[in-house]
Number of protein chains: 2
Amino acid sequence: MGRKSMREEIVAAGLDQFHSRGYHAAAVKDITDAAGVPKGSFYNHFGSKEDLAVVVLERYGESRRLQDLADTGVPPLDRLRAHFTFLRDDVIRHGYGRGCLYGNFGAEIADHIDAVRDAVGGSLDAWTALVAATLTEAQRTGAVRAGLDPATTAGFLVNAWEGTLIRARTDRSPAAFDNFFTTVFDTLLSPA
Amino acid sequence: MGRKSMREEIVAAGLDQFHSRGYHAAAVKDITDAAGVPKGSFYNHFGSKEDLAVVVLERYGESRRLQDLADTGVPPLDRLRAHFTFLRDDVIRHGYGRGCLYGNFGAEIADHIDAVRDAVGGSLDAWTALVAATLTEAQRTGAVRAGLDPATTAGFLVNAWEGTLIRARTDRSPAAFDNFFTTVFDTLLSPA
């Protein structure tokens, strides 16, 4: 494989730096240093650090395997559990140091930078819609409580997950994940 | 009332600046400017910005009316609902610009700064314990689903709330709060 383009190097380094350090803590110079490119080259590819943040959010979305939620070859509730299990394991694998870029940007900067706000909101909407469709399908098979509204519940679950990540990272412990899986799968969604 | 001490001015300005702008975005100079004190005076009172963050977290905790959760003059489930309603209304009143300082610090810096990590974790633990005690009391009165483990559920609820705040701030809309109240009070906790 050839060397990635300079723009791609910057996007990859931006994702890594924003994800591990946060938006404000990662300066443009940190990102270009990590990418191994001159700082001046940044502005040949991006109008601002904010512009890079929006591209990085798209790239991050592609790493989350959301398409697995739409794989109708797997029973819907199993898919949902596998989805959150994958996300949990990814956080643990990174030593609790990264969390979810949507939630990180949402907490740190979404209310200050409109372009990032829109990108975070759109990403969370798309994810929530996939979770809602999975819940609807699971209700049809009787695997999820009949009375739940899928859209309301999906919105709640995605938000609950983001908060769970904050706690897991703060504690550097899976206890918050355990609380999520137990409460969501054994009680909230359970048809019993 | 006399003028607050310089230290108090710095703590109040630090709470306001960290809460509205974030940890990294609020520089020591921003905080001393907001407090109306010389920048050099900061280090007469605090060893570092991190030290101020820990004091600010304590001060923030005092504003959250957690003692209302222990007011046994009010039925426990009503207390729990009133508690989250108070927290929601406070966010809306501030135009969705602040969120919860525990969650903000948890997402932005807790995994980088150990003293802040411990302070955030301890604050969330104390809050969770009060929610768990309220759930235990509500179970005794039959107002909350009997099968729930109060500690597990309380941990989940506090985390779900933090994630809900991120979404409400990102959207500048109460929709995420509506999802929380509906899912938690109409389904998760409901004894039906």
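What counts and how
Residues numbered from 1 in each chain as written. Chains lettered and ligands numbered in written order. Predicted model: local features only at pLDDT ≥ 70, side-chain atom pairs only at ≥ 80, totals over all residues. Heavy atoms only, no water. Helix = DSSP H or I, 4+ residues; strand = E, 2+ residues; numbered from the N terminus. Areas by Shrake-Rupley, 256 points an atom, 1.4 Å probe, with all protein chains shown as cover. Lys, Arg positive; Asp, Glu negative; His and termini not counted. Charge placed at Lys NZ, Arg CZ, Asp CG, Glu CD. Domains from an automatic or database assignment. Contact = heavy atoms within 4.5 Å. Buried area = accessible area lost by both parts, 1.4 Å probe. Salt bridge = Lys/Arg side-chain N within 4 Å of Asp/Glu carboxyl O. Buried < 20%, exposed > 50% of the residue type's maximum accessible area, 1.4 Å probe, protein only. Core = buried A, V, L, I, M, F, W, Y, C linked by side-chain atoms within 4.5 Å. Least-squares fit on C-alpha atoms with pLDDT ≥ 70 in both. Polar contact = N/O pair within 3.5 Å; in protein donor to acceptor, adjacent residues only side chain to side chain. Nonpolar A, V, L, I, M, F, W, Y, C, P; charged D, E, K, R; others polar. UniProt positions renumbered as here; feature names shortened; annotations may be inferred.

- Chain A appears in an unreviewed UniProt entry as TetR family transcriptional regulator C-terminal domain-containing protein from Catellatospora aurea.

Quick look at the overall build of chain A
- In terms of helices and strands, chain A carries nine helices and zero strands.
- Along the longest, intermediate and shortest principal axes, the C-alpha atoms of chain A span 60 × 35 × 30 Å.
- When the accessible surface of chain A is split by element, carbon and sulfur atoms take 51% of a total near 7700 Å².
- When the 21 basic and 25 acidic side-chain charges of chain A are each reduced to a single mean position, those positions are 4 Å apart.

A look at unusual backbone geometry
Residue and element names in this part refer to chain A.
- A positive phi is found at Arg-65, a non-glycine position, where the angle reads about 55 degrees.
- Structurally, Arg-65 is set in the loop between helix H4 (49-62) and helix H5 (76-93).
- Of note, the phi angle at Tyr-96 is positive, near 65 degrees, even though the residue is not glycine.
- Within the secondary structure layout, Tyr-96 lies in the loop between H5 and helix H6 (101-108).

Notes on the domain arrangement of chain A
Residue and element names in this part refer to chain A.
- Domain assignment breaks chain A into domain 1 (6-58) and domain 2 (64-188).
- Each side of the interface is counted separately: domain 1 has 13 residues, and domain 2 has 15 residues.
- Summed over both partners, the interface of domain 1 with domain 2 buries about 1200 Å², with 68% contributed by carbon and sulfur atoms.
- Summed over the three residues of domain 1 that lose the most area to domain 2, namely His-19, Tyr-23 and Leu-57, the buried surface amounts to 53% of that side.
- Our count for the contact surface shared by domain 1 and domain 2 stands at one salt bridge.
- Asp-16 is the salt-bridge partner of Arg-98, the closest N and O atoms lying 2.6 Å from each other.

Looking at helix H6 (residues 101-108) of chain B
- Judged by how many residues are buried, H6(B) sits mostly within the fold: eight of eight residues are covered.
- Along H6(B), the residues that are buried comprise B:Leu101, B:Tyr102, B:Gly103, B:Asn104, B:Phe105, B:Gly106, B:Ala107 and B:Glu108.

A few points about the nonpolar core
- One finds A:Trp127, B:Trp127 and B:Leu189 to be the most contacted residues of the largest nonpolar core, which totals 119 residues.
- Discounting residues that sit within four places of it in the chain, B:Leu189 has contacts with B:Leu77, B:Leu80, B:Leu135, B:Ala143, B:Val144, B:Arg145, B:Leu148, B:Thr153, B:Leu157 and B:Val184.

Quick look at the relation of the copies chain A and chain B
- Note on the identical chains: chain A maps onto chain B by a rotation of 180 degrees and an axial translation of 0.0 Å, with an RMSD of 0.0 Å. Put plainly, the chains are arranged around a two-fold axis.
- A share of 100% of interface residues in chain A that are also interface residues in chain B marks the association as one of identical surfaces.

Quick word on the interface of chain A and chain B
- Listed by partner, the interface residues are 47 residues for chain A and 47 residues for chain B.
- Summed over both partners, the interface of chain A with chain B comes to about 3800 Å²; 57% of that surface belongs to carbon and sulfur atoms.
- Contact with chain B buries area across many residues of chain A, yet A:Phe156, A:Arg167 and A:Thr170 alone supply 18% of it, more than any other trio.
- In this structure, A:Asp125 and B:Arg167 form a salt bridge, with 2.9 Å as the shortest nitrogen-oxygen distance.
- Run the count over chain A and chain B and you get 10 residue pairs in polar contact (both at pLDDT 80 or more).
- Broken down by secondary-structure element, the contributors of at least two residues to the side of chain A that touches chain B are helix H1 (6-21), H6, helix H7 (114-140), helix H8 (150-171) and helix H9 (175-188) of chain A.
- Grouping the amino acids of the side of chain A that touches chain B by side-chain chemistry returns 14 nonpolar, 20 polar and 13 charged.

Quick look at the UniProt feature "DNA-binding region" (unreviewed entry) in chain A
- Under the local residue numbering, the UniProt record ascribes the feature "DNA-binding region" (unreviewed entry) to residues 27-46 of chain A.
- Between the end C-alpha atoms of residues 27-46 of chain A there is a gap of 14 Å, over a span that is 60% helix and 0% strand.

Considering the UniProt feature "domain: HTH tetR-type" (unreviewed entry) in chain A
- When the UniProt feature table is mapped to this numbering, "domain: HTH tetR-type" (unreviewed entry) covers residues 4-64 of chain A.
- With 69% helix and 0% strand, residues 4-64 of chain A has its two end C-alpha atoms placed 22 Å apart.

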